Amino acid sequence: MQIGTNQFYDTNATQLGKLATQADTLNTQIATGKKFTAPSQDVVAYNRLTAIRQTNADSTAYASNVSLAQSLLQQSDTTLSAISNQLQRAAELTTQAANGTLNDANRKTIAIELQSIRDDLVGLAGTTDARGQPLFGAGTGGAAVVEAADGTVSFGGTGEISPIPVADGTDIHATDSAQRVFGNIPVSGGGTTDVFAVLASLIAALNAGGNVSAATGSAADGLKGAQNQVSNVQGSVGARAARLDIVASQATNAAAARETDRVALEDTDVSTAITALQKTMTVLQATQASFTKLGQLSLFTYLR
């Protein structure tokens, strides 16, 4: 089969061009550390990388939310422990006040300490979080509790604060309302009260003097209910914190898997690329030498 001069040159020029392009591509991959620099070079890989980057962005936002929720739950746990300690002391003082050997002056002394405990509980109820917001705030906003001029304490809002999204389809309540922590204490005959009202009634009875057995009995029941309520909330806080640990661990594992995929799609395997470049350059040089030698051949060369 005869090969025309134009075809000879065109074929060799095409082959040399492909080899040169391949060498340039490998050089660029080695220099940049990336397999491609334009979406058109690998559309499928580019689309997958875009999806990975979007997921990473979402994951970063979720990680921030997880960190915030963990911080709020930790602060809640610490504050609830302090509340529980105060309630325990109030229960001990209530038992002392019920002792029939005490006189009115003794009970007034107990009332002073109980008033101090009540004030501390009001302060704990108004604790602010790292964001400067009420730790035990309600869904309707405002202060967690409000103390009137006469000392009456009421809750500043109703409902629970909206949960925090920590993963796709996963939300978590990082805080609890003051109503849930300090209220919902059942009373005999039906209905509920709160720990501030329980202590206020007991303090008033102790200061008034006389027979306080009914007051101390009612207060003992109320404080027991308050302790149970706080214990339940603290148990819930612990369960939510454990759930967050699982969410955080899953997010870390998923991020590692995505990074593995990203590296495989985008990053250059430098050692492999260098080997391929060396091979390509060897072939390119051999082709150039062969083309040069064949291009010099002619009828006069054979005649000589």
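Note that this is a predicted model, so its numbers are computed, not measured.

**Details of the overall build of the protein**
Then step 1. Scanning the protein from N- to C-terminus turns up eight helices and six strands.
Then step 2. In the protein, the succession of helices and strands from N to C terminus is α-α-α-β-β-β-β-α-β-β-α-α-α-α.
Then step 3. Relative to its 304 residues, the protein shows a buried fraction of 32%.
Then step 4. When contacts within the protein are restricted to residue pairs at least 6 apart in sequence, those whose partners lie at least 24 apart make up 69%.
Then step 5. Here the protein displays about 17100 Å² of accessible surface, and carbon together with sulfur accounts for 54% of that area.

**Digging into the nonpolar core**
Then step 1. The biggest cluster of nonpolar side chains holds 47 residues, and the ones touching the most others in it are Ile83, Leu114, Leu121, Phe136, Phe182, Val195 and Phe196.
Then step 2. When residues of this core are traced back to their parent elements, those giving at least two are helix H2 (43–97), helix H3 (104–125), strand E3 (164–167), helix H4 (178–182), helix H5 (195–208) and helix H6 (213–266).
Then step 3. Element by element, the count of residues in this core is highest for H2, at ten residues.
Then step 4. Every residue in contact with Ile83, bar those within four places of it in the chain, is listed here: Leu121, Leu124, Phe136, Val181, Phe182 and Val230.

**Observations concerning the pattern of salt bridges**
Then step 1. A complete count under the given rule lists five salt bridges for this structure.
Then step 2. Across the pair Arg89 and Glu92 runs a salt bridge, and its minimum N-O distance is 3.2 Å. Separated by three residues within a single helix, Arg89 and Glu92 lie in helix H2, roughly one turn from each other.
Then step 3. The exposure class of Arg89 is partly exposed, given its relative accessible area of 29%.

**Quick look at unusual backbone geometry**
Then step 1. We note that Asn184 has phi near 60°; this positive angle belongs to a residue other than glycine.
Then step 2. Here Asn184 lies in the loop between H4 and strand E5 (185–186).

**A closer look at H3**
Then step 1. Helix length check: H3, at 22 residues, gives a terminal C-alpha distance of 31 Å against a target of 32 Å (1.5 Å per residue), a fit within 8%.
Then step 2. For H3, every residue scored as buried is listed here: Arg107, Ile110, Ala111, Leu114, Ile117, Arg118, Leu121, Val122, Leu124 and Ala125. Considered in projection along H3, the buried side chains sweep an arc of 150° and stay on one side of the axis. Pointing more than 90 degrees away from the buried face of H3 are the exposed residues Thr109 and Ile112.
Then step 3. Backbone nitrogen of Ala105 and a side-chain oxygen of the N-cap are separated by 3.1 Å at the start of H3; the cap is Asn103.

**Observations concerning empty space enclosed by the protein**
Then step 1. Considering all chains together, one arrives at one cavity of 30 Å³ or more under this definition.
Then step 2. A volume near 40 Å³ is recorded for the largest cavity.
Then step 3. Around the largest cavity, the lining residues are Phe136, Ala138, Ala144, Phe155, Gly156, Gly157, Thr158, Gly159, Ser177, Ala178 and Gln179.
Then step 4. Across the lining of the largest cavity, the residue classes tally to five nonpolar, six polar and no charged.

**Considerations on a negative patch on the surface**
Then step 1. Together, Asp119, Asp120, Glu147 and Asp150 make up a negatively charged patch on the protein surface.
Then step 2. Residue placement: Asp119 occurs in helix H3.

The rules we used
Residues numbered from 1 in each chain as written. Predicted model: local features only at pLDDT ≥ 70, side-chain atom pairs only at ≥ 80, totals over all residues. Heavy atoms only, no water. Helix = DSSP H or I, 4+ residues; strand = E, 2+ residues; numbered from the N terminus. Buried < 20%, exposed > 50% of the residue type's maximum accessible area, 1.4 Å probe, protein only. Contact = heavy atoms within 4.5 Å. Areas by Shrake-Rupley, 256 points an atom, 1.4 Å probe, with all protein chains shown as cover. Core = buried A, V, L, I, M, F, W, Y, C linked by side-chain atoms within 4.5 Å. Salt bridge = Lys/Arg side-chain N within 4 Å of Asp/Glu carboxyl O. Expected span 1.5 Å × (residues − 1). Arc of directions from axis to C-beta. Polar contact = N/O pair within 3.5 Å; in protein donor to acceptor, adjacent residues only side chain to side chain. 1 Å grid on protein atoms, 1.4 Å probe; cavity = no way out; pocket = protein on both sides within 12 Å on 5 of 7 lines; lining within 4 Å. Points joined across faces, edges and corners; volume = space filled by probe spheres on them. Nonpolar A, V, L, I, M, F, W, Y, C, P; charged D, E, K, R; others polar. Patch = residues over 30% accessible without salt bridge, like charges linked within 9 Å, V, L, I, M, F, W, Y side chains within 5 Å. Lys, Arg positive; Asp, Glu negative; His and termini not counted. Charge placed at Lys NZ, Arg CZ, Asp CG, Glu CD.

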